[in-house]
Amino acid sequence: MATAIGVVGSLLGIWTFAEDLIPAPEEAASRYRIQVGKDGSDGGGLQNAGGSIELIKTYNHNGELMGSGGGGEVKDGGYADFSAEQEGTQQSSITEFYADNDALCIAYISATFAESTKWGWVGDWGYTCGLDWYPSGYELQNSGGDDQSVRGPRCTWIDKDHSNDIKAAVLGITWADFYAEPNGPEQEGDGKDHCGAGMRAWDSNGGTQLLSPDGTAGLAKRSSGHGPRKSRRSTDDRIVVSHRNYHNATEVCDSDTSYGPDFVSVAEGLYCDMETHELAPLCGNGVEEDCFGLDGPDGPAMVYKNNKRSNRKVSHVVEWH
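So, here is what we can say about the structure in this document. (Residues numbered from 1 in each chain as written. Predicted model: local features only at pLDDT ≥ 70, side-chain atom pairs only at ≥ 80, totals over all residues. Heavy atoms only, no water.)

## Thoughts on the overall build of the protein
To keep things clear, this is the line we draw: Secondary structure elements follow DSSP: runs of H or I of four or more residues count as helices, runs of E of two or more count as strands, with numbering from the N terminus. Remark: exposure states derive from per-residue accessible area (1.4 Å probe, protein chains only) relative to the maximum for the residue type, with buried under 20%, exposed over 50%, and partly exposed in between. By the convention used here, residues are in contact when the closest approach between their heavy atoms is within 4.5 Å. Only the protein chains shown count as covering a residue, and every accessible area follows the Shrake-Rupley method with a 1.4 Å probe.
Helix and strand counts for the protein stand at 2 helices and 23 strands. The 321 residues of the protein split such that 53% are buried. Of all intrachain contacts in the protein linking residues separated by at least 6 positions in sequence, the fraction that spans at least 24 positions is 65%. Surface summary for the protein: the accessible area is close to 13,900 Å², and the carbon and sulfur share equals 45%.

## Brief notes about the nonpolar core
Rules: We define the nonpolar core as a collection of buried residues of types Ala, Val, Leu, Ile, Met, Phe, Trp, Tyr and Cys that are connected through side-chain atoms lying within 4.5 Å of one another.
Grouped together as the largest cluster of nonpolar side chains are 68 residues, with contacts concentrated most on Trp 121 and Trp 175. Among the elements that line this core, the one with the most residues is strand β9 (residues 104–112), at 7 residues. Each residue touching Trp 121, except ones within four places of it in the same chain, is listed here: Ala 4, Phe 17, Ile 106, Tyr 108, Ile 109, Thr 156, Leu 171, Ile 173, Trp 175, Phe 178 and Met 199. In this structure, Ile 239, Tyr 271, Ala 280 and Leu 282 belong to the second largest nonpolar core, which totals 9 residues.

## Side note on the packing of aromatic side chains
So the rule is basically this: Geometry of aromatic contacts follows a simple scheme: Phe, Tyr and Trp rings, the Trp one being its six-membered ring, pair when their centres are within 6.5 Å, and the pair is stacked under 30 degrees between planes, edge-to-face over 60, tilted otherwise. We call a charge positioned over a ring when the NZ of a Lys or the CZ of an Arg lies within 6 Å of the ring centre and within 35 degrees of the ring normal.
Tallying each qualifying case throughout the model produces 13 aromatic pairs. In this structure, Arg 154 is placed above the aromatic ring of Tyr 127, and the distance from its NZ or CZ to the ring centre is 3.8 Å. Above the plane of the ring of Trp 133 lies Arg 154, whose end atom (NZ or CZ) is 5.7 Å from the centre.

## Comments concerning the pairing of strand β14 (residues 154–158)
Where we set the bar: DSSP-based pairing: two strands are paired if at least 2 bridges between them are found.
A large share of β14 lies buried, amounting to 5 of its 5 residues. Of the two faces of β14, the one carrying Arg 154, Thr 156 and Ile 158 and the one carrying Cys 155 and Trp 157 are both buried. Strand direction decides the pairing type here: β9 and β14, joined by 3 bridges, are antiparallel. Opposite Ile 106, over in β14, you have Thr 156 as the bridge partner. Relative to β14, strand β11 (residues 133–135) is paired through 3 bridges, and the arrangement is antiparallel. Opposite Pro 135, over in β14, you have Arg 154 as the bridge partner.

Laid out in structure tokens, this is it:
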């Protein structure tokens, strides 16, 4: 088992990684499991959350390169295990993950080092530090933070060619900075002091380090003025409908760095249009117009006066229960 500090909802807490979420050890190598944005209840992956890792580099606590490896695909809604071969038995204190040109949204990374110690990191840190993010749909056990024992971490986007203006191409993790002692003291603060320290990100291999302790990620934010904000909608033309009470469409819509398909929180009763970053109530309970209807002859759509519906076509509804 491994434990890791992370933002559990809106507060710092501890995430727990069961043994089956951690890669098996390998002699003379560090092993990493990368889980991307999770699928819906119908088994369909969150389209485009999967992608490719080009390279993994591992360093000792002095920042000296110890080894490298990795390279390969992580399928939508799934995970993949990677190895970084190394010389000697020093601990792999720092790891850098290099995206390829196919973007991926990372929900968690677990690690088993050559000496068999186990570590973890969750994608909430991208949200905290100002990188591009989206609700992952994947669930882990936790303690502390907001008062729920199972939650889904957010996922962090990385992409080498910066399609759709995704900021980061490389993630760097200093594992000990995210270690949490099981049954240890409650975590305090908002975690932003990890940004640019225990967690770093670059716009390219050898490029600019993006993160800073104020939780911004080095590039100009999109407009936060009044009225609709023209934003980046994912090429995923489906819609995510979450029935989980910890998911929040307001958080997704209000964020300058959220990126992904349109999002519905049933518990909150709100729909987020990810192209304009505007919220609309769900139809029902006396709301019959200027609302978002989940049911209809042609699928989910905005409903206007006289029952007129928007002509946007949703190819599929991803349900998170």
